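Residues per chain, in single letters:
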Amino acid sequence: VQLVESGGGLVQAGGSLRLSCAASGSINLIDTMGWYRQAPGEQRELIGEIAGDTSPHYADSVKGRITISRDNAKNTMYLQMNSLKPEDTAVYYCNADHLEPSGWKIYWGRGTQVTVSS
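This structure is a prediction, so every number in the text was calculated from the model and none was measured. (Residues numbered from 1 in each chain as written. Predicted model: local features only at pLDDT ≥ 70, side-chain atom pairs only at ≥ 80, totals over all residues. Heavy atoms only, no water.)

Caption draft 1: A look at the nonpolar core. Counting 27 residues, the largest nonpolar core has L3, M33, W35, M77, L79, M81 and Y92 as its most contacted members. Apart from residues no more than four positions distant in its own chain, M77 is found in contact with L19, S20, C21, M33, G34, W35, I50, I68, S69, R70 and C94. (Core = buried A, V, L, I, M, F, W, Y, C linked by side-chain atoms within 4.5 Å. Buried < 20%, exposed > 50% of the residue type's maximum accessible area, 1.4 Å probe, protein only. Contact = heavy atoms within 4.5 Å.)

Structure, rendered in structure tokens:
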């Protein structure tokens, strides 16, 4: 399974961005996919995830400002972020739980930088 994030960039506070996470490989066995972010000097944090066809769950820190969706036909997960704040500046990663003969394995993308200017 390969995951590639895209859509990051520089945006002014109050603006919006939509990130994409494209999956390739043996994706039929992917269940939960999630978005994480890591700011400089901080631990990587989960901001939201979506399992199969269920409704996504969001972290309290971003709830109301983000929407996670998944297009299984395009093998892509999206992160729509609105009302961006400087504290949203981070590298954003996606991950996926993939069922393998040995059990569930988590795959990560390489991340995409989001910078929010004040």
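Caption draft 2: The arrangement of the layout of surface pockets in detail. Of the pockets and cavities examined, the largest pocket occupies roughly 150 Å³. Contributing to the lining of the largest pocket are A23, I27, N28, I30, M33, R70, N72, N75 and T76. In the lining of the largest pocket, the residues fall into four nonpolar, four polar and one charged. (1 Å grid on protein atoms, 1.4 Å probe; cavity = no way out; pocket = protein on both sides within 12 Å on 5 of 7 lines; lining within 4 Å. Points joined across faces, edges and corners; volume = space filled by probe spheres on them. Nonpolar A, V, L, I, M, F, W, Y, C, P; charged D, E, K, R; others polar.)

Caption draft 3: Inspection of the sheet that holds strand 8 (residues 76-81) at higher detail. Strand order in the open sheet formed by four strands is 1-3-8-7, and the pairing between neighbours is antiparallel. On the outer flanks of this sheet lie strand 1 (2-6) and strand 7 (66-71), each paired with one strand and no other. Neighbour to neighbour, the strand axes of the sheet diverge by 15° on average, direction disregarded. Here strand 1 pairs with strand 3 (residues 17-24) via five bridges, running antiparallel. Bridged to S6 within strand 3 is S20. (Pairing = 2+ DSSP bridges. Helix = DSSP H or I, 4+ residues; strand = E, 2+ residues; numbered from the N terminus. Axes fitted to C-alpha atoms, helices over the stretch in contact; angles between N-to-C directions.)

Caption draft 4: The pairing of strand 11 (residues 112-117), seen in detail. Of the two faces of strand 11, only the one carrying T112, V114 and V116 is buried; Q113, T115 and S117 on the other face are not. Of the pairings in the sheet, the one linking strand 9 (residues 90-100) to strand 11 comprises three bridges and is antiparallel in character. Counted as the bridge partner of Y92 is T112 from strand 11.

Caption draft 5: Structural view of the pattern of salt bridges. This structure, assessed with the given rule, holds four salt bridges. Where K63 meets D60, a salt bridge forms, and the shortest distance between an N and an O atom there is 3.3 Å. Comparing K63 with D60, the two get one shared label, exposed. Notably, a salt bridge pairs D88 with R65, separated by 2.8 Å at the nearest N-O pair. In this pair, D88 is assigned in the loop between strand 8 and strand 9 and R65 in the loop between strand 6 (57-58) and strand 7, connecting sequence segments 23 residues apart. No difference in accessibility class separates D88 from R65, as the two residues are buried. (Salt bridge = Lys/Arg side-chain N within 4 Å of Asp/Glu carboxyl O.)

Caption draft 6: Quick look at the packing of aromatic side chains. Enumeration over the complete set of coordinates arrives at two aromatic pairs. With 4.8 Å between their ring centres and 65° between their planes, Y36 and W108 make a pair best called edge-to-face. Residue Y36 is located in strand 4 (residues 30-38), and its partner W108 is located in strand 10 (residues 103-108); the two are separated by 72 residues in the primary sequence. Here Y36 falls in the buried class, since its relative accessible area comes to 18%. Among the aromatic residues, those joined into a cluster by ring pairs are Y36, Y93 and W108. (Phe/Tyr/Trp six-rings, centres within 6.5 Å; stacked < 30°, edge-to-face > 60°.)

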